[in-house]
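# Breakdown of the fold
The chain contents come next:
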Amino acid sequence: MDVSIIGWAHTRFGKLEGETVESLIVTVAREAIAHAGLSAGDIDEIVLGHFNAGFSPQDFTASLVLQADNALRFKPASRVENACATGSAAVHQGIRAIRAGAARHVLVVGVEQMTKTPAAEIGANLLKASYLPEDGDTPAGFAGVFGRIASAYFQRHGDQSDALAAIAAKNHKNGVANPYAQMQKDLGFNFCRTESEKNPFVAGPLKRTDCSLVSDGAAALVLASSDAAASAPRAITFRAAAHVQDFLPMSKRDILTFEGCAEAWRQALAQAGATLGDLSFVETHDCFTIAELIEYEAMGLAKPGEGGRLALSGETARDGRLPINPSGGLKSKGHPIGATGVSMHVLTAMQLAGEAGGIQVPGAALGGLFNMGGAAVANYVSILERKH
């Protein structure tokens, strides 16, 4: 493709005291522009990913990006939303602006502030990413939706508790070296596998260690056209960017196969002229450990029902055949909804630029990422490589 990432920025994820949605946006916007070696006046368009759904009283947020620099005034700015894939939706909108010839440089920002919301409201807000006529009364909110998915998977393919614990332990171990991660603690397999006061069951077979964290945070990147990226100090190019939207009601599809995820990967790999074997690593959407397990199968790493065996084999560890979530994933990094997809692109770009520090995958040359909204409803796959 003819679009590259030439600069980026990322806040620490977690409970961020003293921050607001505005301050998070301003911080990463300024840093990403500077990292790209540009001035604010060079930006042609702004796209903000912000899910909100009740988390923030300020619901008209696109123009908050202009607070980063007066030179951004009068630039076109839009806010996009696609549930938990909001950040990737923003990235894709920026790609389209460049490919349409409407912009040479696009600033993409993703943000969410969730921790100021009472716990009961958090669950209700997140449940808005499901089909309310069917799922609106689900106990435990969105965790309950994935608890039902996990229970159904266990019924079809057998108990996967060991596999889910292995995924959680892998991602927590990876997150220790990620300076942006909300939880930098290696919990170990036994803690993740065992029900305890600190690790109780949350929904169905899912324990606390199977669920991603409630987070504040922001990430930003600068996209550039091929001619604009030619003189950039770094350019991480999109080999592919695929978006597949599926039915919202789970009753209209086989929820245990994540068909939209599978189709997005099929399209992206075809665009890239690549196979899974060509990838150096993948960042995937582990909002819950059962999601990562099913994604192994949807992307073609494992046959249906065998994702658990793959999780236990070590093949997806940082030193395995195909490292999955070397960043620690949403599980340890956190999941500020609107920021997550942008964060995944930033961390993939860092890997390919050789700037990922303690989470660096040696020799990373081609990176894939999968970000989804809802239960495999909005499905985005990007495949990136270093241009120069």
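A few points on the structure.

The rules behind the values
Residues numbered from 1 in each chain as written. Predicted model: local features only at pLDDT ≥ 70, side-chain atom pairs only at ≥ 80, totals over all residues. Heavy atoms only, no water. Salt bridge = Lys/Arg side-chain N within 4 Å of Asp/Glu carboxyl O. Helix = DSSP H or I, 4+ residues; strand = E, 2+ residues; numbered from the N terminus. Core = buried A, V, L, I, M, F, W, Y, C linked by side-chain atoms within 4.5 Å. Buried < 20%, exposed > 50% of the residue type's maximum accessible area, 1.4 Å probe, protein only. Contact = heavy atoms within 4.5 Å. Pairing = 2+ DSSP bridges. Axes fitted to C-alpha atoms, helices over the stretch in contact; angles between N-to-C directions.

On to the pattern of salt bridges. Working definition: two side chains of opposite charge can pair if their charged atoms are close together. Evaluated as defined, the whole model comprises twelve salt bridges. Close ionic contact of Arg99 with Asp2 constitutes a salt bridge, the shortest N to O distance being 3.1 Å. With Arg99 in helix H2 (residues 86–99) and Asp2 in the segment before strand E1 (3–10), this pair connects stretches of sequence that are 97 residues apart. For Arg266, the salt bridge identified is with Glu263, shortest N-O distance 2.6 Å. Taken together, the residues span about one helical turn, with Arg266 and Glu263 both in helix H9 (residues 259–272) at a distance of three residues.

Formed by 65 residues in total, the largest nonpolar core has its most connected members in Phe146, Ile149, Phe258, Trp265, Phe288, Ile290 and Ile383. Non-local contacts of Phe146, meaning those with residues more than four positions away in its chain, are made with Leu206, Phe258, Cys287, Phe288, Ile290, Ala291, Met372, Gly374 and Ala375. Judged by nonpolar contacts, the second largest core, of 38 residues, contains Trp8, Ala90, Met344 and Leu352.

Spatial ordering of the open sheet is given by E3-E2-E4-E7-E1-E8-E11-E10-E9, a layout of nine strands whose pairing is mixed. Because the sheet does not close on itself, it has two edges, and the strands there are strand E3 (77–80) and strand E9 (281–283). Here the strands of the sheet are splayed against their neighbours by 25 degrees on average, with no regard to which way each runs. Pairing analysis gives eight bridges linking strand E10 (residues 366–373) to strand E11 (residues 378–386), with the strands arranged antiparallel. Note that in E11 the partner of Gly367 across the bridge is Leu384. Those strands touched by helix H1 (residues 21–35) are E1, strand E2 (45–49), strand E4 (105–113) and strand E7 (216–225), and its axis lies near 150 degrees from that of E4. Across the sheet, H9 lies against strand E8 (236–245), E9, E10 and E11, angled at about 145 degrees from E8, the strand it touches most.

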